[in-house]
Amino acid sequence: MPKLYRSAVRGAGYPGREDTQANPSGPGGDLLTTDIPPDYDIEPRGKHPLSRLSAGVGNERVDRVADDISDFRLFVRMVTAGSLSETARRLNSSLPAMSRRLSAMESRLGARLVDRSTRRFLLTEEGKLLYERALGILHDIDQVEAEVGARSSSPRGHLRVGAPLEIGRRRIAPLIGAFCQQYPDITVELVLDDTRVDVIGNGLDVALHVDPLREGDVIARLLLASRRSICASPAYLERCGVPQMPADLADHDCIRYVRGRHLYDHWTFVENGEPLEVRVRGTLITSSTEVMHDWALAGLGIGIKAHWDIEQDIAEGRLVELLAHFAVNPIDLYLIYPTRSHMPRRARVFIDYVVDALKNRPNGPTAAG
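Residue positions within a chain follow its written sequence, with the count starting from 1. Given that this is a predicted model, residues contribute local features only at a pLDDT of at least 70 and side-chain atom pairs are listed and counted only at 80 or more, while totals for whole chains, interfaces and linings are drawn from all residues. Each side-chain value is derived from all of the structure's non-hydrogen atoms; neither hydrogens nor water enter the calculation.

Caption draft 1: Representation of helix α7 (residues 289–297) within the structure. Turning to α7, its buried residues number three or more, namely E290, M292, H293 and A296. Across the axial projection of α7, the buried residues extend over an arc of 160°, all falling on one side. Buried residues belonging to α7 abut α5 (165–182), β8 (256–259), β12 (285–286), β13 (303–306) and α8 (307–315). Whenever two N or O atoms come within 3.5 Å, that pair is a polar contact, provided that in protein one can donate a hydrogen and the other can accept it, and provided that, for residues adjacent in sequence, both atoms are side-chain atoms. Helical segments are the DSSP runs of H or I of at least four residues, strand segments are the runs of E of at least two, and each set is numbered from the N terminus. The opening residue of α7, the one whose side-chain oxygen lies 3.2 Å from the backbone nitrogen of E290, is S288. Among the residues trailing α7, G299 stands out with phi positive, at a value near 80°. The cut-offs for exposure are 20% and 50% of the maximum accessible area for each residue type, with area from a 1.4 Å probe on protein chains only; residues under the lower value are buried, those over the upper are exposed, and the others partly exposed. It is the directions from the helix axis to the C-beta atoms whose arc is reported. The contact rule is simple, with two residues in contact once any of their heavy atoms fall within 4.5 Å.

Here it is as structure tokens:
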């Protein structure tokens, strides 16, 4: 059977075996569970893939090199995250486990890497040097692996894929299941997270992201072109009436989305060729687009959703699209992946598979070629 590993919300990374003790439900509660076995390590210490290329080298030396590579990856993740607690959250691990790994690195190197005298995560001079050199070393290792993998007759290896929660769970997860049936030598880890994606910092091979990223070290490829849709259940509309104009939303119970400290309570429309912004109110606020979807289905208010999330509910009558002729602002879904001269073949076949699968969808948002 192909190995399909699905991480908890926000995913796992490169903690060693001793660090995979976090709450298996993850910060998202019971939305997802961890299917990764407790003794599974994405990059087991002493078993880095490059050790396969080290025939004839003493096992102890190979294990030491592999441990160094694992520590380099973890240290880069710590610096990118900006704190040990954020690193633990991203890796679905714990703060004590991250602190132990950092202390072990410092003890082995005989140097302090992080200044613990302040509340901020500040690198010492030695820490800055390690970070800069580790980035270069890891880049070279990834390049070598990609070049070697490109010569393989069949794609193999481990793939980390990031996606927004709802479209990831409802659409991408089934695609990954089918993909693993077709490519049994590839293991896939799906990392679900509604926050801004960090492909490099989170060690992702491929990510799906709403709207393109502007970073120069990633490539953005348009996957789906769609729009945001206003929707409500038939039960809500029967009870509260159907808004005919965007301004009518002021008299309705609208479900609002919040990210961090920003409340999205202004919905944008086009009326008579001019942009129109309407401030909405309501009793329900959530940081989860999936919860908003569920509340709308339950008849608790009017929601605003990416059309690809609700098209099946509209087609089957569970939700009704509202104010469609006022052209709510567009929303696009992009495939994001690191800029590399040699992309691993496993990543290339996965990207092609997802593009082809969504391009051949019957109806719904427009799939880009």
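Caption draft 2: Up close: the pairing of β8. When DSSP finds two or more bridges between two strands, those strands count as paired. Two strands pair when backbone bridges link them, and β8 and β12 are joined in this way by two bridges, in the parallel orientation. Residue pairing for β12: Y257 is matched across the bridge by T286. Looking at chain direction, β8 and strand β9 (residues 262–264) are connected through three bridges and run antiparallel. Its bridge partner lying in β9, Y257 is registered against Y264. Two successive antiparallel strands, β8 and β9, enclose a turn made up of two residues, where G260 displays a positive phi of approximately 60°.

Caption draft 3: Fine view of the sheet that holds β12. Sheet architecture is open: three strands sit in the order β9-β8-β12, paired in mixed fashion. This sheet does not close on itself; its edge strands, each paired only once, are β9 and β12.

Caption draft 4: Geometry of the pattern of salt bridges. When a carboxyl oxygen of Asp or Glu lies within 4 Å of a side-chain nitrogen of Lys or Arg, that pair is called a salt bridge. Enumeration according to the criterion identifies 18 salt bridges in this entry. Residues D71 and R108 are paired through a salt bridge, measuring 3.0 Å at the closest nitrogen-oxygen approach. On the criterion of sequence distance, the pair formed by D71 in helix α1 (residues 59–81) and R108 in helix α3 (residues 95–109) is long-range, its members being 37 residues apart. A salt bridge links R112 to E106; the nearest nitrogen and oxygen atoms lie 3.8 Å apart. The exposure class of R112 is partly exposed, given its relative accessible area of 48%. Judged by its relative accessible area of 8%, E106 falls in the buried class. A single salt-bridge network, built from bridges that share partners, covers E166, R170, D294, K305 and D309.

Caption draft 5: Quick peek at the side chain of S233. If you trace the backbone, S233 turns up in the loop between β7 (218–232) and α6 (234–240). Setting aside anything within four residues of it in sequence, one finds S233 in contact with A296, L297, G299, R318 and L319.

Caption draft 6: Geometry of the environment of S103. As for its position among the elements, S103 is in helix α3. Spatially, the C-alpha atom of S103 lies 9.0 Å from that of L113, the residues being ten residues apart in sequence.

Caption draft 7: Region of the structure containing the environment of E238. Structurally, the position occupied by E238 is in helix α6. Its relative accessible area of 72% is what places E238 among the exposed residues.

Caption draft 8: Representation of the layout of surface pockets in the model. Only protein atoms enter the 1 Å grid used here, on which a cavity is any set of points holding a 1.4 Å probe that cannot leave and a pocket is any open set flanked by protein within 12 Å on both sides along at least five of seven lines; residues with an atom within 4 Å of a point are listed as lining. Grid points are joined across faces, edges and corners, and a volume is the space filled by probe spheres set on the points. The calculated volume of the second largest pocket comes to roughly 1000 Å³. If you go around the second largest pocket, you meet 44 residues; those closest to its centre are V210, R228, Y257, R259 and T289.

Caption draft 9: A look at the pairing of β7. Of the strand pairs in this sheet, β7 and strand β15 (residues 330–338) are connected by nine bridges, and their pairing is antiparallel. What sits directly across from V218, in β15, is P338. Summarising the sheet, β7 and β13 pair through four bridges and their orientation is antiparallel. Its bridge partner lying in β13, C231 is registered against G303.

Caption draft 10: The packing of aromatic side chains, seen in detail. Each pair of aromatic rings taken from Phe, Tyr and Trp, with Trp reduced to its six-membered ring, is defined by centres within 6.5 Å and is described as stacked if the planes are under 30 degrees apart, edge-to-face if over 60, and tilted in the remaining cases. In the structure shown here, the tally under the stated rule is four aromatic pairs. Ring geometry for F179 and F350: centres 5.2 Å apart, planes at 90°, overall edge-to-face. Of this pair, F179 sits in helix α5 while F350 sits in helix α9 (residues 345–359), placing them 171 residues apart in sequence. A residue is classified by how much of its surface remains accessible, and F179, at 0% relative accessible area, is buried. Exposure remark for F350: the relative accessible area of 0% places this residue in the buried category. Geometrically, the ring pair formed by Y257 and Y264 is tilted, given 5.7 Å between the ring centres and 40° between the ring planes. Cluster of aromatic residues (ring-pair linked, three or more members): F179, Y183, F350 and Y353.

Coordinates in, geometry out; function isn't part of it.
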